[in-house]
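An overview of the molecular structure
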Amino acid sequence: MIEKDSVMTPTVKLAAAGTTSGGMQSVHAGKHNAPVFVLGCPRSGTTVLYHMLLSAGNFAVYRAESNVFNLLVPRFRGLHSAADRQELLEVWLRSKPFRVSGLGAHEISEKIMAECRSGGDFLRIVMQEVARKQGVDRWADCTPDHLLYMAEIKREIPESLFIHIIRDGRDVALSYAHQGWSHPMPWDRDERVGVAGLYWEWVVRKGREQARRLGADYQEVRFEELISNPRETLSRLSKFIDHDLDYDRIRSAGIGSVSQPNSSFAKDPEGTFNPVERWKKQMSPGQMTGFEELVGDFLLELGYNLASEAKPVRGFRAARFRATYLAMFEAKQWMKATPLGRFVKLSNIEVEPNPSG
């Protein structure tokens, strides 16, 4: 359980139905069939929330991250030409996202070549075919990095709804570093958790900046609320996506991490599983102080309490880290939108070797 006042209610203001605050068209007619994007910084609980949606029923069960906008679109030049789409298919048909789809290679390839002109087209074609084959009405996508592409997704799939799950950055950073995903400069190799914390802040801020243009088609949910009060949290999300998220049905179906937690840590010493506020046990006082010096202001902005009652004061270390790594994250993201995006790595989609060499 978490303290009652440790997490604030999401503060994003919702625009009136019909138009988002940035002028984008907000689609509410037929909302009960709209695709749902479950997004957030990696290790924030996106998978468990996504699996809750799948367990609720009438969503296509698709156990993979599509990685369309963050990997496939930059790698294959936006999929605008037939040559780009053919090159995409030669890789995608050997990837995990295709293997778990249950689709036939020939049929889906023909449809993509004939109808696809963008990343949004590709994702919609694939997921609608998966839903049709399973006999369900709607689909959802759970690619955490798609948080950075919400504006693009909204342009290409206008009816999309977005759920942004936010988790305490201290727990995210510990899990992220434990997974081996944090890669600081060689001279900062002992600062993996701190660098992961900066990445958490950067990703969440970028997502919330885009949310201002999404209006009523965007909703935030706190991981801590989902874990400590799932019925109420799911009830609120039910209204947002116009779908019955019955908690008892979800627990009974128990797809994926609903019944088998997707944790990077073992159970607590007492034998219990509690993914909330692990940082209190796993961070030393020195680590807590250093971490909160880096991202404490953002933790407070989101409504999380700090370990120290005193507001953190940034010294030279924090200033250097923020100047270095935040600029690095921006540069890497910018490069994906340039011809250099052609070289983005596809390891996340687990492509099998080409048998023809």
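Structural notes, computed from the coordinates. (Residues numbered from 1 in each chain as written. Predicted model: local features only at pLDDT ≥ 70, side-chain atom pairs only at ≥ 80, totals over all residues. Heavy atoms only, no water.)

**Side note on the side chain of serine 182**
Inspection of the secondary structure assignment puts serine 182 in the loop between helix H8 (169–178) and helix H9 (192–211). At a separation of 2.7 Å, a polar atom in the side chain of serine 182 contacts the main-chain carbonyl oxygen of arginine 192. (Helix = DSSP H or I, 4+ residues; strand = E, 2+ residues; numbered from the N terminus. Polar contact = N/O pair within 3.5 Å; in protein donor to acceptor, adjacent residues only side chain to side chain.)

**Concerning helix H11 (residues 230–241)**
Relative to the 16 Å expected for 12 residues at 1.5 Å per residue, H11 spans 16 Å between its end C-alpha atoms, a close match to the ideal helical length. Every buried residue belonging to H11 is among Pro230, Thr233, Leu234, Leu237, Ser238, Phe240 and Ile241, and all of these are buried. The arc that holds every buried residue of H11, seen down its axis, measures 160°, which confines them to one face. For H11, the exposed residues lying more than 90 degrees away from the buried face are Glu232 and Lys239. The inward-facing, buried residues of H11 contact strand E1 (36–39), helix H1 (46–56), strand E3 (161–166), strand E4 (218–222), helix H10 (223–228) and helix H12 (247–253). Backbone geometry just after H11 places aspartate 242 at a positive phi near 55°. (Expected span 1.5 Å × (residues − 1). Buried < 20%, exposed > 50% of the residue type's maximum accessible area, 1.4 Å probe, protein only. Arc of directions from axis to C-beta. Contact = heavy atoms within 4.5 Å.)

**Let's talk about the packing of aromatic side chains**
Counted by the stated rule, this structure contains 11 aromatic pairs. Both rings, one in phenylalanine 37 and one in tryptophan 139, keep their centres 5.8 Å apart while their planes meet at 75°; by these two values the pair is edge-to-face. One end of the pair, phenylalanine 37, is in strand E1; the other, tryptophan 139, is in the loop between helix H6 (119–134) and strand E2 (140–141), with 102 residues separating them in the sequence. By relative accessible area, which is 0% here, phenylalanine 37 ends up buried. (Phe/Tyr/Trp six-rings, centres within 6.5 Å; stacked < 30°, edge-to-face > 60°.)

**So, the packing of helix H2 (residues 68–75) against H6**
At a minimum axis separation of 10 Å, H2 and H6 run at an interaxial angle of 120°. With respect to their mutual orientation, H2 and H6 come out oblique. Read as a crossing pair, H2 and H6 show a hand that is right-handed. On the side of H2, the interface is formed by Val68, Phe69, Leu72 and Val73, while H6 contributes Gly119, Gly120, Phe122 and Leu123. (Axes fitted to C-alpha atoms, helices over the stretch in contact; angles between N-to-C directions. Parallel < 35°, antiparallel > 145°, perpendicular 65-115°, else oblique. Left-handed = near helix turned anticlockwise from the far one by under 90°.)

**So, empty space enclosed by the protein**
According to the stated counting rule, one finds 1 cavity of 30 Å³ or more in the structure shown. Estimates place the volume of the largest cavity at around 40 Å³. Lining the largest cavity are Tyr62, Ser66, Val68, Trp92, Pro97, Phe122, Leu123, Val126 and Met127. If one sorts the elements of the lining of the largest cavity by residue count, H6 sits on top with 4 residues. Residue classes in the lining of the largest cavity are distributed as 8 nonpolar, 1 polar and no charged. (1 Å grid on protein atoms, 1.4 Å probe; cavity = no way out; pocket = protein on both sides within 12 Å on 5 of 7 lines; lining within 4 Å. Points joined across faces, edges and corners; volume = space filled by probe spheres on them. Nonpolar A, V, L, I, M, F, W, Y, C, P; charged D, E, K, R; others polar.)

**Considering the sheet that holds E4**
Across the sheet, which stays open at both edges, the 4 strands sit in the order E2-E1-E3-E4 with parallel pairing between neighbours. Looking at strand neighbours, the two that pair on one side only are E2 and E4, the edges of this open sheet. Across 4 bridges, E1 lies against E3 in parallel orientation. Within the sheet, the bridge partner assigned to phenylalanine 37 lies in E3 and is phenylalanine 162. Strands in contact with H1 are E1, E2, E3 and E4; relative to E1, the strand with the most contacts, it is inclined by about 155°. (Pairing = 2+ DSSP bridges.)

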